[in-house]
Every structure is written in C-alpha cells, then in structure tokens.
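Secondary and tertiary structure notes
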Amino acid sequence: MKLGTGLFTCQRRPDDDRSMTEIYDEMLELGEVIDDSGLDSMWVSEHHFAEDGYLSATMPSLAALAARTETVELGTCIALAPLYDGVRLAEDAATVDLLADGRLTMGLAIGSNPREFESFGVPREERVERMTDLTDLLRASWSDGPLDYDAEFHDVSPDVSVTPKPESEIPIMFGGSVKPAVRRAARVADAWCAPSALSVEGVRKRKEDIERVREKEGIEGDFEVYVLQHGFVADSKEEAWEAMKPGYFYIQRRYAEIFSGESVDELDAERKAELKEQAIFGTPEQVAEELNEYRGALGDDVHFIFRTYHPGIGTDAMVECVERLGDEVAPLVRE
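The following paragraphs examine the structure supplied in this document. In this text the structure is predicted, and so the values were computed from the model without any measurement.

1. Notes on the pairing of strand E7 (residues 191-194)
- Side chains of E7 alternate between two faces, with Ala-191 and Cys-193 and Trp-192 and Ala-194 buried alike.
- Here strand E6 (residues 172-175) pairs with E7 via 3 bridges, running parallel. Bridging across to E7, Gly-175 finds its partner in Cys-193.
- Two elements, E7 and strand E8 (residues 224-233), share 4 bridges in a ladder whose sense is parallel. Across the sheet, residue Trp-192 finds its bridge partner in E8, namely Val-225.

2. Structural notes on helix H7 (residues 200-216)
- Between its first and last C-alpha atoms H7 spans 24 Å; for 17 residues at 1.5 Å apiece the expected length is 24 Å, and the two agree.
- Buried within H7 we find Val-200, Gly-202, Val-203, Lys-207, Asp-209, Ile-210, Val-213 and Arg-214.
- In the segment just after H7, Gly-218 is the residue with positive phi, at about 65°.

3. Things to note about the environment of Leu-325
- One can find Leu-325 in helix H11 (residues 315-334).
- Leu-325 gets classed as buried once you look at its relative accessible area, which sits at 0%.
- When the C-alpha atoms of Leu-325 and Leu-3 are compared, they prove to be 8.7 Å apart, with 322 residues separating the residues in sequence.

4. Here we look at the environment of Ile-210
- Along the chain, Ile-210 turns up in helix H7.
- You can call Ile-210 buried: its relative accessible area is 3%.
- Distance in space between the C-alpha atoms of Ile-210 and Ala-191 is 9.9 Å, their sequence separation being 19 residues.
- The residues touching Ile-210, leaving out its near neighbours within four places in the chain, are Val-182, Ala-186, Trp-192 and Phe-223.

5. Here's the deal with empty space enclosed by the protein
- Overall, the coordinates contain 1 cavity of 30 Å³ or more when judged by the stated rule.
- For the largest cavity, the calculated volume is near 40 Å³.
- Forming the boundary of the largest cavity are Thr-5, Gly-6, Phe-8, Leu-30, Ile-34, Thr-308, Tyr-309, Met-318 and Val-322.
- For the lining of the largest cavity, the secondary structure elements donating two or more residues are strand E1 (2-8), helix H1 (20-36) and H11.
- Taken together, the residues of the lining of the largest cavity sort by class into 6 nonpolar, 3 polar and no charged.

How each quantity is defined
- Residues numbered from 1 in each chain as written.
- Predicted model: local features only at pLDDT ≥ 70, side-chain atom pairs only at ≥ 80, totals over all residues.
- Heavy atoms only, no water.
- Buried < 20%, exposed > 50% of the residue type's maximum accessible area, 1.4 Å probe, protein only.
- Helix = DSSP H or I, 4+ residues; strand = E, 2+ residues; numbered from the N terminus.
- Pairing = 2+ DSSP bridges.
- Expected span 1.5 Å × (residues − 1).
- Contact = heavy atoms within 4.5 Å.
- 1 Å grid on protein atoms, 1.4 Å probe; cavity = no way out; pocket = protein on both sides within 12 Å on 5 of 7 lines; lining within 4 Å.
- Points joined across faces, edges and corners; volume = space filled by probe spheres on them.
- Nonpolar A, V, L, I, M, F, W, Y, C, P; charged D, E, K, R; others polar.

Here it is as structure tokens:
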C-alpha cells in the first residue's frame, strides 16, 4: 500500500490570527516534513472565492512544493476541470512536472458549487463534457509535435505546439463516487480517487466496476485506485480525536456550504457523529489496523491519501502527526 497525505487547503479559520503568508509558509514546512518522512504523496485541493481563503491556485502551490521536495508524488485532489483554460493548464502542469522531475499527478473533477460556475461564466450543465474535453486536450498538448486535437470548449489553433513538454507522461486521476463518474474514470483516466464518504465496501464495489468496464472495453495499461479519508495519529484515540476535531468539523461545515451553495452555521449532532465514525484516528497501531482493512479489500496496490491537514489546529501538531505517519504507520501498511 502507498501512503500519502494532505490535502492542503490553506484555509484561515475565524479564530486564526495568522496572516495568509504564514499559512502558506506552514504548507511549505509540512511539505518538507512529508518528503523527509518517506511518505508517497502530498496533495493540494481547490475552491474559489471563499472567505477563509481556500486555496485557489493549484499549480503555483505545487510548483513551490516541488522546489522544496525531492521524491514525493505531488498532485491535485482535486482540480476543478471545467473552470480551466485547457492550454494554460497544460503549460502550467508541464512546468510543475519539470520542476518536480516528473512527480506530478493531475487529479480532476467536475465541480459542483453553483457560485464558482456562475462567477467563471461556465454553464454548470456542461461540466461533464468540459472535463472530458479538457482531459483530451491536456493529453494532446503534452504529446510530441503540434496540437492535433479539435477541442469542443477551447478555441485553440491545431497547428501550435504547446511547450514546454512535461518530464514524463502525467497521470490523470478522476474523482467522484457515483457510478457514472467511476465508469468515466475507468474509460478515460489513468486513476480514480474514492472520496471520504465511501465505506471500504463501497470502494471495493466501485473498484470491481472499474475492472469490469476496462476488461469489457479492452482498455489496457495500468490503473491506480486512490482512497481519501480524514484522520490523525497521536498517543491515544482520544488525543488524536481532540487534536483533529476543530479543524475537521470546520472544513466539513465549509464543504457543506461549498457543495450546496448555501450557508451552514453549524453541523448538527447527527452529522458530527457520522463524521467521527467515518474518520480514522488513534495510535499508529490503531490507524494502521484500519488502513489495512482497505488493503485487504482492495489489494496491495491501493494508494491511500490520509488527510492530516486540518485547518488551524497548529503546525507542530500536524508536523508530529506526519512524522509518526511516516515513521510508525507506513511500515505497518507496507509490510
């Protein structure tokens, strides 16, 4: 099993008196710790126009992390595909990949927030088609020679050659939990990321669906499954929960607003209980035991993205958690 962490969102909670510069410095410090800890990957997330400053510029952030790291995989989890100009994203991603010496993975999703689509002037009803079109355009842009692709949503001359080219072929990962999204990933992408709301059994069933689709349609080549879940590592289950809880509940409330487009003042008790049950936290041994449930259900080749970045809980706490994730949990899920 591969083990990564993130997702950097760089949100500033109302009770956080740090500047945004300090919060981005925290991201870079954590990036170095993740790399030094021997973890397999680190990830940034994306949303726009948020009062708390939710990270909006994925490629500049990954470029900065590329310059501060040496071996860890860098990726977007997730970039909102319909909101991008395809050629500019192709150029920026290729640059990041060169800075990272071929370590970039491009995670994409269709997005959902009505305000983001309205503000960017993108029809929300076109989001599926726009993501598929963007994926084809990215691959055409990164291939050798002129851009030989007639993009549906991007007015680009086919005789231009997008430069620079990436260091190597950049894998494209799709997110999503519903069956059409999962099957789209199987047909079009190189990888799929299971969102945190899915149970172990839910991920297993979708992985089987992916395998059936690819076999039926004769699609060859490697395909990677990523699993996303929130959690924390500490000396005890109670200590881990108390450390992550403020940032975890904050970000979940903000996600409820982002996905619905409506204000959410507070999560109710039932939702908080569901979120606690869903998260993975505790001692290194307890965390490894739960991660190995995924390994047992999905196989050794699963890539788990363990979300240890919880806004505003303190840099030192997150540094210690990441170090223990690399030093104490990783050996137990890789053995």
